[in-house]
Amino acid sequence: MSAEETKKIADKINGHLSDKEGEFLYSTAKKCLGKGAIVEIGCWKGKSTVYLASGSKAGNNIKVYAIDPHQGTKDHQDNKISNTLNDFKENLKEAKVNDIVEPVVKTSQEAFRNWKEPVEFLWIDGDHSYEMVKLDFNLWSSYLVKGGIIAFHDAVSGGPKKVVCNFVLKSNNFTDAGLIDSLFFAKKSDTLSLKDKIKNRAMIVLLDIYEFFREVHLPKSLRRLLKKIVVKIV
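All figures in this text were calculated on a predicted structure; none of them were measured in a lab.

Enquirer: Account for the pattern of salt bridges, with residues named and values stated.
Expert: Under the defined criterion, the tally for this structure stands at 8 salt bridges. A salt bridge links Asp11 to Lys7, with the nearest nitrogen and oxygen atoms 2.6 Å apart. The exposure class assigned to Lys7 is partly exposed, which follows from its relative accessible area of 28%. Note that Asp87 and Lys45 form a salt bridge whose closest N and O atoms lie 3.5 Å from each other. Within this pair, whereas Asp87 is found in helix 4 (residues 85–95), its partner Lys45 is found in the loop between strand 1 (37–41) and helix 3 (47–58), the two being separated by 42 residues in sequence. Note on Asp87: relative accessible area 34%, which makes it partly exposed. Among the ionic contacts, a cluster of salt bridges with common partners joins Lys7, Asp11 and Asp19.

Enquirer: Explain the sheet that holds strand 2 (residues 64–67) to me, using residue names and the numbers behind them.
Expert: Strand order in the open sheet made by the 7 strands is 5-2-1-6-7-9-8, with mixed pairing throughout. Lying at the two open borders of the sheet, with one neighbouring strand each, are strand 5 (101–104) and strand 8 (174–180). Averaged over all pairs of adjacent strands, the angle between their axes in this sheet comes to 15°, without regard to strand direction. When strand 7 (residues 144–152) meets strand 9 (residues 183–188), the two strands line up antiparallel, connected through 4 bridges. Its bridge partner lying in strand 9, Ala151 is registered against Phe185.

Enquirer: An account of the environment of Leu33 is requested, with residue identities and associated values reported.
Expert: Structurally, Leu33 can be placed in the loop between helix 2 (19–31) and strand 1. Leu33 gets classed as exposed once you look at its relative accessible area, which sits at 59%. C-alpha separation for the pair Leu33 and Asn60, spaced 27 residues apart in sequence, amounts to 6.3 Å. For Leu33, the contacting residues outside a window of four places in its chain are Asn60, Ile62 and Glu120.

What counts, and at which threshold
- Residues numbered from 1 in each chain as written.
- Predicted model: local features only at pLDDT ≥ 70, side-chain atom pairs only at ≥ 80, totals over all residues.
- Heavy atoms only, no water.
- Salt bridge = Lys/Arg side-chain N within 4 Å of Asp/Glu carboxyl O.
- Buried < 20%, exposed > 50% of the residue type's maximum accessible area, 1.4 Å probe, protein only.
- Helix = DSSP H or I, 4+ residues; strand = E, 2+ residues; numbered from the N terminus.
- Pairing = 2+ DSSP bridges.
- Axes fitted to C-alpha atoms, helices over the stretch in contact; angles between N-to-C directions.
- Contact = heavy atoms within 4.5 Å.

Encoded structure:
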């Protein structure tokens, strides 16, 4: 299924994922070579899962492990608490990707206890509190292969942004970092050039500036302009 066809299906699924972010998940999953699995932490009703799985099927058919406890999830649309597992499975079936997705109905920590496979693409979009994002990163990034991609949703503020700055951009383990809307991504590497290190540090500063202007409640038009500047620079 093409990216355009995937978007039409994903648009019907509740979830906070921009078109550009969905395109990134699709294209990155499509490029996976089979060096490891695709692991998603936090899938809710499957919007991002559909992008990941469709991209994988358009590429090398790498299995997608969708980890989410599906318990007591708050529906952002109707403000109700519900178990999202049934909706998740129905959406995968509708998108015809249920054959390549393995739902793991556990917390990230529970799923990790029996995990043994290398990971080629790690997508972190679970609990956004700092401690939980940090836990997800510490656990699962240990299985990320060299050249593998890690990505975080909502990484321009709060817990995800703090983890990205402290443990990705300040480390010597990731390069080729980038930002697509609120999605941050980087590539696992065992060597960083001076240019890579400078770019990572520059991105920390730019993310700090972007978060600051978000907090002072600038008009949306100015926030969009600032985001474009940040993305262009990095």
